[in-house]
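Next come the chains, spelled out residue by residue.
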Amino acid sequence: MAARTSTSTILIICILLFTFPLWIGLGAGFFGLVMGLFGGMIGIIAGILGAIVGLIALPFKLLFGWGHGGWFPHFHFHGFLFLAAVILIVALALKRK
């Protein structure tokens, strides 16, 4: 192995000094990429959990009108009333036969 001369040491120091911003930028970019992927995974897991909770709550919303919310006042027709009307119509149709 050849001994290092003072010229090669100065050259290495100059290269490190001038390319330091580049290495910092690449390191920060890689760190941002890793953190972005990690945040994306958390977002996907939260989205799947929200979809599961939404599917569990859907029958209750349709039957009892839970969670209709909103800022604009509007007529809200509950699924319970629809189900009661269907049962009443079926009962009356069966009674006439």
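One can find the structure itself at the top, above this paragraph.
The structure contained in this document is the topic of the report that follows. Note that the structure is predicted; figures quoted are calculated from it, not measured. (Residues numbered from 1 in each chain as written. Predicted model: local features only at pLDDT ≥ 70, side-chain atom pairs only at ≥ 80, totals over all residues. Heavy atoms only, no water.)

Describing the overall build of the chain
Across its full length, the chain carries two helices and zero strands. Among the 97 residues that make up the chain, the fraction classed as buried is 2%. Just so you have it, the chain exposes about 8900 Å², and 83% of that area is on carbon and sulfur atoms. (Helix = DSSP H or I, 4+ residues; strand = E, 2+ residues; numbered from the N terminus. Buried < 20%, exposed > 50% of the residue type's maximum accessible area, 1.4 Å probe, protein only. Areas by Shrake-Rupley, 256 points an atom, 1.4 Å probe, with all protein chains shown as cover.)

Concerning a nonpolar patch on the surface
Together, Ile 44, Ile 48, Ile 52, Ile 56, Phe 60, Leu 63, Phe 64, Phe 80, Leu 81, Leu 83 and Ile 87 make up an exposed nonpolar region whose accessible area comes to about 1000 Å². Elements supplying a minimum of two residues to the nonpolar patch: α1 (6-64) and α2 (79-96). If one sorts the elements of the nonpolar patch by residue count, α1 sits on top with seven residues. Tracing the backbone through its elements, the reader meets Ile 56 in helix α1. You can call Ile 56 exposed: its relative accessible area is 56%. (Patch = residues over 30% accessible without salt bridge, like charges linked within 9 Å, V, L, I, M, F, W, Y side chains within 5 Å. Salt bridge = Lys/Arg side-chain N within 4 Å of Asp/Glu carboxyl O.)

Structural notes on the packing of α1 against α2
Relative orientation of the contacting elements α1 and α2 amounts to 70°, with a least axis distance of 4 Å. As the angle between them shows, α1 and α2 are arranged roughly perpendicular. Note on element contacts: α2 touches α1 through Gly 79, Phe 80 and Leu 83, opposite Leu 62, Leu 63 and Phe 64. When grouped by side-chain class, the residues that make up the contact of α1 with α2 number five nonpolar, one polar and no charged. (Axes fitted to C-alpha atoms, helices over the stretch in contact; angles between N-to-C directions. Parallel < 35°, antiparallel > 145°, perpendicular 65-115°, else oblique. Contact = heavy atoms within 4.5 Å. Nonpolar A, V, L, I, M, F, W, Y, C, P; charged D, E, K, R; others polar.)

Looking at α1
Because an α-helix completes one turn every 3.6 residues, residues spaced three or four positions apart along the sequence face the same direction. An ideal rise of 1.5 Å per residue puts 87 Å on 59 residues; α1 measures up with 83 Å between its terminal C-alpha atoms. The sharpest bend along α1 reaches about 50° and sits at Thr 19, with the proline Pro 21 one to four residues further on. (Expected span 1.5 Å × (residues − 1). Bend = angle between axes of the 7 residues up to and from the residue.)

Geometry only, nothing functional implied.
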